[in-house]
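Commentary on secondary and tertiary structure
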Amino acid sequence: MIKNIKSLGLAAVVSALALPAFASEEVKIGVPSWTGAQAIAHVLGHVVETRIGGTVEYVPGNNATIFQAMDQGKGDIDVHPDVWLPNQEAFTKQYVDDAGTVTLSSNPYQGNQGFCVSKQFGEANNITDIADLGRPDVAALMDSDGNGKGELWIGAPGWASANVNEVKVRDYGLLDFIEPIRAEEAVKTARIKDSIAKGEGYAFYCYEPHAVWFMFDVMMLTEPTYDPEKYVMVQPSDDPDWYTKSMVASKDALKDVQIAWSNSLVDRSPAIAEFFQNFGLEAADVSSLAFEISANGRDPAEVAAEWVDANSDRVDAWLGL
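What counts and what doesn't
- Residues numbered from 1 in each chain as written.
- Predicted model: local features only at pLDDT ≥ 70, side-chain atom pairs only at ≥ 80, totals over all residues.
- Heavy atoms only, no water.
- Disulfide = S-S within 2.5 Å.
- Helix = DSSP H or I, 4+ residues; strand = E, 2+ residues; numbered from the N terminus.
- Buried < 20%, exposed > 50% of the residue type's maximum accessible area, 1.4 Å probe, protein only.
- Axes fitted to C-alpha atoms, helices over the stretch in contact; angles between N-to-C directions.
- Parallel < 35°, antiparallel > 145°, perpendicular 65-115°, else oblique.
- Left-handed = near helix turned anticlockwise from the far one by under 90°.
- Contact = heavy atoms within 4.5 Å.
- Nonpolar A, V, L, I, M, F, W, Y, C, P; charged D, E, K, R; others polar.
- Pairing = 2+ DSSP bridges.
- Right-handed = clockwise from strand over helix to strand, strands pointing away.
- Core = buried A, V, L, I, M, F, W, Y, C linked by side-chain atoms within 4.5 Å.
- Phe/Tyr/Trp six-rings, centres within 6.5 Å; stacked < 30°, edge-to-face > 60°.
- Lys NZ or Arg CZ within 6 Å of the ring centre and 35° of its normal.
- Expected span 1.5 Å × (residues − 1).
- Polar contact = N/O pair within 3.5 Å; in protein donor to acceptor, adjacent residues only side chain to side chain.

This next bit is on the state of the cysteines. Per the stated rule, a full pass over the model turns up one disulfide. Sulfur-sulfur distance for the disulfide between Cys-116 and Cys-206 comes to 2.1 Å. Classification of the bridge connecting Cys-116 and Cys-206 rests on its S-S torsion, roughly 75°, and on that basis the disulfide is right-handed. Pair noted here: Cys-116 is in strand S5 (residues 109–118) and Cys-206 is in strand S8 (residues 203–208), with a separation of 90 residues, a long-range link. Each member of the pair, Cys-116 as well as Cys-206, is classed as buried.

Here's what the structure looks like:
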């Protein structure tokens, strides 16, 4: 009898070891270059690690790379933490609507985007509207390299919004006076700081939420009111002749910003996928997180951990507790 019990016990152990490890939840989080996305990525990751008990890997990438990986569903990248719509609509149409391989969350926060200058520069030179950047006197003050055109940072390489802004510069009639510049966001931030310190002119693409509103005294310029008939944007992923076929001569509409994840995650890590479905931040949350990272030079993981600890009730709600 004792021998039979031992045999049954051993069989149970062997059987248990043969079962799939359902508790082993894993996720690879895409991390775009802008600070807000980095902050959200680490909030997601910290909750997965500390509240779900899963493992997390952070994978740097641009929008195209992240969406392609989510579409493939192999676990190379599982989630995009900061999808701006309609900026990235080409990707969501392709992978969410048409292919059906990616899910978009239903809890967006609201974003606003435009072009900014420091208040110091704007007030000193009566700059309030985007058209003012085309004044020869203003353009000359923004010309740091002596090529006869003022520089305007339009976004980082790989940003869909940078493509929109490049078309805007043309359709606002600024190309004779303004040179659109693409560079990483850190370059833009350093240039804002330097231009204010030196009393120089500088203009840049800006958006809310963002740390820049806490870091510097800046102002968003007015633009023509959003008009869908004057806002026809074709992204490079849709047509190689995108620049010619696009026409953007009005301000962007307010944005919906949310996360997106690979549908394959539901089978591979169901608890994480359920958490993503419930997750949602507010614009003020993102601005405060981004400020700590950008202005105070803090590690995104540390900032995210503090935020999660301070907002346990909201995290509990995301987790259905």
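Running from N to C, helix H2 (residues 35–52) and helix H12 (residues 270–278) cross one another at 130°; their axes reach a closest spacing of 11 Å. Judged on the interaxial angle alone, H12 and H2 are oblique. Crossing of H2 over H12 shows right-handed handedness. Along its contact with H2, which presents Leu-44, Val-47, Val-48 and Ile-52, the element H12 presents Ala-271, Ile-272, Phe-275 and Phe-276. Broken down by class, the residue content of the contact of H2 with H12 amounts to eight nonpolar, no polar and no charged.

Bridge count between strand S1 (residues 26–31) and strand S2 (residues 55–60): six bridges; the pairing is parallel. Bridging across to S2, Val-27 finds its partner in Val-56. The β-α-β motif built from S1, the intervening H2 and the parallel element S2 has right-handed crossover chirality.

Attention shifts here to the environment of Asn-126. Inspection of the secondary structure puts Asn-126 in the loop between helix H5 (119–124) and helix H6 (136–141). Residue classification places Asn-126 among the exposed residues on the basis of a relative accessible area of 56%. Placed twelve residues apart in sequence, Asn-126 and Val-138 show a C-alpha to C-alpha distance of 9.4 Å. In this view, Asn-126 contacts Asp-132 and Arg-135; residues no more than four positions away in its chain are not counted.

Turning to the nonpolar core, a few remarks are in order. Val-27, Leu-44, Leu-133, Phe-204, Phe-276 and Phe-279 are the most contacted members of the largest nonpolar core, which has 67 residues in total. With eight residues, the single largest contributor to this core is H2. Among the nonpolar cores identified, the runner-up in size contains twelve residues, and Ala-69, Leu-85, Tyr-95 and Val-102 belong to it.

By the definition in use, this model includes 19 aromatic pairs. Ring geometry for Tyr-205 against Tyr-207: centres 5.4 Å apart, planes inclined by 40°, an arrangement best described as tilted. Of the residues examined, Tyr-205 reaches a relative accessible area of 3% and is grouped as buried. The rings of Trp-34, Trp-84, Trp-153, Trp-159, Tyr-205 and Tyr-207 are connected pair by pair, giving a single aromatic cluster. The cationic tip of Arg-170 hangs over the ring face of Tyr-243; the distance from NZ or CZ to the ring centre is 4.4 Å.

Taking 1.5 Å of rise per residue, 18 residues should cover 26 Å, and H2 covers 25 Å from first to last C-alpha, within 8% of that figure. The element H2 is extensively covered by neighbouring structure, given that 13 of its 18 residues are classed as buried. Positioned one or two residues after H2, Gly-53 has a phi angle of 80°, which is positive.

Residue position: Arg-182 is located in strand S7 (residues 178–182). Separated by 19 residues in the primary sequence, Arg-182 and Asn-163 have C-alpha atoms spaced 9.7 Å apart. Within the structure, the side chain of Arg-182 is placed 2.8 Å from the side chain of Asn-163, a separation counted as a polar contact.

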